[in-house]
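Working through the structure, step by step
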Amino acid sequence: MTQLWNLAEVAGRDRAEEARQRELDHLLERLYPMCRSLTGEGVRETLRVLQEKLPIEIKEVPSGTSVLDWEVPPEWRVREAWIKDPSGNVIVDFCEHNLHLLGYSAPFSGTVSLTELDDHLYSDPARPSDIPYRTSYYAERWGFCLAHDLRERLTPGDYEVRVDTTLEPGALTYGEFVVPGQTDREVLVSSHVCHPSLANDNLSGIVVAAELAHRLHALGSEHLRHSYRFLWAPGTLGAITWLALNRERVGRITHGLVAANLGDPGGFHYKRSRQGEAAIDRAVVLAARDSEVDVEIEDFVPFGYDERQYCSPGFDLPVGSLTRTPWGRYPEYHTSADDLSLVSSQRLLDSVQLYLRTFAVLEADRQYRNLEPHGEPQLGRRGLYRTLGGEGAKERELAILWVLNQSDGTRSLMDIAERSGLSVAVLDEAARALVKARLLE
Amino acid sequence: MTQLWNLAEVAGRDRAEEARQRELDHLLERLYPMCRSLTGEGVRETLRVLQEKLPIEIKEVPSGTSVLDWEVPPEWRVREAWIKDPSGNVIVDFCEHNLHLLGYSAPFSGTVSLTELDDHLYSDPARPSDIPYRTSYYAERWGFCLAHDLRERLTPGDYEVRVDTTLEPGALTYGEFVVPGQTDREVLVSSHVCHPSLANDNLSGIVVAAELAHRLHALGSEHLRHSYRFLWAPGTLGAITWLALNRERVGRITHGLVAANLGDPGGFHYKRSRQGEAAIDRAVVLAARDSEVDVEIEDFVPFGYDERQYCSPGFDLPVGSLTRTPWGRYPEYHTSADDLSLVSSQRLLDSVQLYLRTFAVLEADRQYRNLEPHGEPQLGRRGLYRTLGGEGAKERELAILWVLNQSDGTRSLMDIAERSGLSVAVLDEAARALVKARLLE
Amino acid sequence: MTQLWNLAEVAGRDRAEEARQRELDHLLERLYPMCRSLTGEGVRETLRVLQEKLPIEIKEVPSGTSVLDWEVPPEWRVREAWIKDPSGNVIVDFCEHNLHLLGYSAPFSGTVSLTELDDHLYSDPARPSDIPYRTSYYAERWGFCLAHDLRERLTPGDYEVRVDTTLEPGALTYGEFVVPGQTDREVLVSSHVCHPSLANDNLSGIVVAAELAHRLHALGSEHLRHSYRFLWAPGTLGAITWLALNRERVGRITHGLVAANLGDPGGFHYKRSRQGEAAIDRAVVLAARDSEVDVEIEDFVPFGYDERQYCSPGFDLPVGSLTRTPWGRYPEYHTSADDLSLVSSQRLLDSVQLYLRTFAVLEADRQYRNLEPHGEPQLGRRGLYRTLGGEGAKERELAILWVLNQSDGTRSLMDIAERSGLSVAVLDEAARALVKARLLE
């Protein structure tokens, strides 16, 4: 625990960290080009790269499996996909950018007029030079996404179109990794792994989660009271699949965070769990306050990322979402402009640090009981208080007084941190000293 | 219900409404001159005019009847009342304006000096050209109210006074009308009917209540979940009498509004029920918010109109008061300047609309239960969600997600409307679609 | 009770009060020079002077007595204490100012070098001309406090030092006085009596408590519903000793205030009890509001004066602290500049008045029950309401309506005062009138 405070303190701040930063840069570059989707090879390749860093388990759930109200769809594979203009030039090519192909496009081959083609094109006049990101998971369609500028330049004529994809029985793939702790009360960190070449949403979340898993794993179970479960799964259906396969285990999740958009230059945002005042909701606020990091706190809404599933009323898990700029609020969101230039590894490490501090708060938070609750115990003779009256009290002494005064069996360290304004770290240290002095249990 | 939303939407806004507006103007002109009081012919005449529009029941409660801590007083009738000056000119005449006579004046006939007369005169130096409104229900007095300017001009001498009134056994009269709905949970609309020629206070309330009763009656019981009870009764004693005679029925009143001051140019004000957070208190706020009408919300105080009686601690009914400018806060209040020029039929119809919207919120408010609470149900295959990913969600889809997420058996549509910021109408529509899709009950 | 309102109203405001003021000035002058400490003659002398005014009981608790987690220490007596400079001049002398000697200094006699001496000197560079106040109760040390200017001027050489003190078995002394009331529900007023020549902290508290005790004693038990217990005890250990000796009686303390810093020119401050919303916490706010005195309200923190002990989690008594400038926040705090010039008897009397008003609120606060809760009772026939309708209601009538409306057995006069904005005094008067009219019990 003290180790976890240290770990959080150090993250992103020293030389060893510079090496980590270079490693992250390298990881980003390898993972960015892969064509992740709801299912398929892109997800598998991504998880295999993470396995080089961490013994992640890769799970495969066959197409057709019933998961809650849903069914695992056929697996999508892309061989090639392009459009040739009337002169025979390839003008849009999946090889060039995987956003060009509508996600889950059905196969198609043929020659179509511009008018016909136009029904299958997606572009955004508001960002004319970017390729938008679009999918059609649950209605069979084919389509291409392209820069609006390019679309505007298309002239009437016959266009040859090739969408060489398959939608056949296969599997939905997700990765899972647990750092066991002293108890089986779990902290869940979940990131969606279904977005193709989009760097902030959500390659940044994938990488931050991997880095966290790596560090906690290295720290070791003996320093962790909670177990930490990491999940890299396709958005919506991945979370639903995991929930369906783990219904009996779900109750162990005591705290959780959905990790996304963690590399952009925007400030941190925390979206509360549906419960709204769960320990995780308070821990993030305290971690931010104690480390003087600004975090915008927002109420739960039933749209966004996979907190939608964890916070559905049947589960109602205490899972919030800690991001930098939330989905849909940065101009590059869901376009080809969300590329590696939007994400910096230093910001990823700052995100790692805030997550670790939040974990440290959760680890420290306990309800202690004052064993000498009648009057103040004599701290001086136990070496816990200055012996010379008339001086100002030190922060550590204030922490001792607060912990003693509030520890009546109904209040935890987070309660005391909120009321006193003292940091959880200082209160944790005071509580440990008091336990040692047998004034607290 | 959908019908009630429509009704609320339309009120005061189309051609048919212009006809209603002219009808209201006509009604105001007929009712304004009548000399209403705590008892007597003025109230009966008023209710008879309303009967032309609506089959109101007219109730008579004999003088001397014990009602709670009170007793129905003798009935007051006025034949004539005037003052002649020393030259024999009639200077104050009840025939000219019924405010001239102190309400419930005892009979008197005789010649008095100016000094003696002065003890029986009431005027307001602050509004020197208006006749103030004064009553003496429970202490036997005679008196006249007049413009202060006129009073100042009176010269010493002998004044002949005639107050030809009777205070004899009779009855207290009130009107009642019920629009039955699918349940006997009642919405009460109560307006005081005891004020003589005062247009805003409370001819406006009388007329708005009649218009509401007329519209709900026309809408028909099959479209109403609640029953709507309308009461036109003298202030204080009328409400007390009704409560005394209906003690066993009082528990059915689930929501209620006291209707008064609904025609003046001031903004809307809502005074909360004594309970303070009753459904009616929240429904008015939501109706106002959703229709972008400013309503000043005020806490309950135990003075004002008949909410005093409904909200006495023995009954403690959830009855608030929805008015435009509250009593005592407009300069014409309780003077002859509160005449028809202060009231417009367009404003009365706007008031009708806000009442109807409030009723629509109450009708829509239910606790639903999500039948697929584990994860989000697949809305796409039920035609409840767009199939193309990457676009922004529409308000209707947000409403569906909110209703599903929050309907765990502890929250109603009003709760969801308050939390989500979405309108009750949109949530109601979403809930109906979800019930149809068997995702909600 | 009405008598207590009057007493509070008058305090500090009339001729008789001028005499009281002169008496307080005299008392301050006699008590200021005494060398109070945790134990010893200074406390005894102080209490004996108070006995001239009031039959205070003086309690002695032998050294070595176990009190909660503590033990009563040896008694400290000072015969003389001085430092002579190398030329043989007495440069620091306890006789001159009792702050010069470190509180609880162990005996010492000898000649020391300046370097050696320096380890035993305490001064404050930030206030170079004042003597700071320092103690060493629980670690055996000798030392002197002096102006930093003087310390700076000391030249190397041999200094003769004499600390002729004893730390021998004796007693801890405290004073106690009870004004019994109609019930044994107690209001505790506690002031610390262990500070030597410091006028505001806490001679002011000692004197205000004595004045309050004197006035309530003079008022007489028949006018008091609560009993009032006054405690003059050494800080920390005195409160702990009293709590230890009265564990079975502690439950009677229904409300309490720690009285300190009541004579300086700063504004009033109230520190809430640990409970935070206890009756005393609300009573102080209402007393201040009703008498238009600004009082800064602060949350409980577990450091300060003896509220630390009363509010330790094992006791958790509803004890707050009503002061002017809180400890540590005025520049003269714990220095020789906290002398009689900082304190005025007029301000002490204003403090007395605010305490009395708070007591008056506590005395008035009751839950009444409306005996005619259905509708409003007819107040006119009971002489409780104007008979002429149309005039504005008077404050007394509003108070009657509020008390009737809210007295359903769940709300007290403080609740009603908070909700209505009316003063507790006016509501108290209304409640008494209603009890007389048999409308309330």
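Residues numbered from 1 in each chain as written. Chains lettered and ligands numbered in written order. Predicted model: local features only at pLDDT ≥ 70, side-chain atom pairs only at ≥ 80, totals over all residues. Heavy atoms only, no water.

1. Considering the pairing of strand β15 (residues 295–298) of chain C
Residues and elements named next belong to chain C. Pairing of strand β14 (residues 268–271) with β15 involves 4 bridges; the strand directions are parallel. What sits directly across from Lys271, in β15, is Glu298. As a crossover connection, the stretch from β14 through helix α8 (residues 279–290) into β15 is right-handed. (Pairing = 2+ DSSP bridges. Helix = DSSP H or I, 4+ residues; strand = E, 2+ residues; numbered from the N terminus. Right-handed = clockwise from strand over helix to strand, strands pointing away.)

2. What about helix α11 (residues 395–406) of chain A?
All names here are of chain A. Over its 12 residues, α11 runs 16 Å from end to end, which matches the ideal 16 Å to within 8%, given 1.5 Å per residue. In terms of burial, α11 is a largely internal element, 10 of the 12 residues being buried. The set of residues buried in α11 consists of Glu397, Leu398, Ala399, Ile400, Leu401, Trp402, Val403, Leu404, Asn405 and Gln406. (Expected span 1.5 Å × (residues − 1). Buried < 20%, exposed > 50% of the residue type's maximum accessible area, 1.4 Å probe, protein only.)

3. Thoughts on the sheet that holds strand β9 (residues 158–168) of chain A
All names here are of chain A. On the basis of which strands lie adjacent, the open sheet formed by 4 strands has the order β5-β4-β9-β6 and antiparallel pairing. Of all strands in the sheet, those with a lone pairing partner are β5 (90–93) and β6 (108–113), marking the two edges. With strand direction ignored, the average angle separating the axes of adjacent strands in the sheet is 15°. Of the strand pairs in this sheet, strand β4 (residues 75–84) and β9 are connected by 9 bridges, and their pairing is antiparallel. Of the residues in β9, the one forming a bridge with Lys84 is Glu160. (Axes fitted to C-alpha atoms, helices over the stretch in contact; angles between N-to-C directions.)

4. Observations concerning the domain arrangement of chain A
Residue and element names in this part refer to chain A. For chain A, the domain assignment lists domain 1 (3–72 + 171–364), domain 2 (80–168) and domain 3 (367–436). The C-alpha-based centres of domain 1 and domain 2 are spaced at 32 Å. Contact with domain 1, which involves 21 residues of that partner, is made by 13 residues of domain 2. Carbon and sulfur atoms make up 57% of the surface buried where domain 1 meets domain 2, a total of about 1,300 Å² over both sides. Three residues stand out in domain 1 for area buried against domain 2, namely Leu38, His334 and Ser336, and they jointly supply 32% of the buried area on that side. Linking domain 1 with domain 2 are 0 salt bridges. Connecting domain 1 to domain 2 are 7 residue pairs in polar contact (both at pLDDT 80 or more). (Domains from an automatic or database assignment. Contact = heavy atoms within 4.5 Å. Buried area = accessible area lost by both parts, 1.4 Å probe. Salt bridge = Lys/Arg side-chain N within 4 Å of Asp/Glu carboxyl O. Polar contact = N/O pair within 3.5 Å; in protein donor to acceptor, adjacent residues only side chain to side chain.)

5. Re the interface of chain C and chain B
Contact with chain C, which involves 25 residues of that partner, is made by 27 residues of chain B. Where chain C touches chain B, the interface holds 4 salt bridges. For the salt bridge of Arg382 of chain C with Asp69 of chain B, the shortest nitrogen-to-oxygen distance reads 2.8 Å. At the junction of chain C with chain B, the criterion picks out 15 residue pairs in polar contact (both at pLDDT 80 or more). When residues of the side of chain C that touches chain B are traced back to their parent elements, those giving at least two are α11 (395–406) and β18 (408–412) of chain C. Ranked by the residues each element gives to the side of chain C that touches chain B, the list is headed by α11 of chain C, at 6 residues. For the side of chain C that touches chain B, a count of residues per class yields 8 nonpolar, 9 polar and 8 charged. (Nonpolar A, V, L, I, M, F, W, Y, C, P; charged D, E, K, R; others polar.)

6. Here's the deal with the interface of chain C and chain A
Facing the 28 residues of chain C at the interface are 25 residues of chain A. The contact between chain C and chain A buries some 2,300 Å² in all, and 49% of this surface belongs to carbon and sulfur atoms. Taken as a group, Asp69, Arg274 and Pro302 of chain C account for 28% of the area that chain C buries against chain A, more than any other trio of residues on that side. Between the two partners, chain C and chain A, sit 15 residue pairs in polar contact (both at pLDDT 80 or more). Looking at the side of chain C that touches chain A residue by residue, the classes come out as 16 nonpolar, 6 polar and 6 charged.

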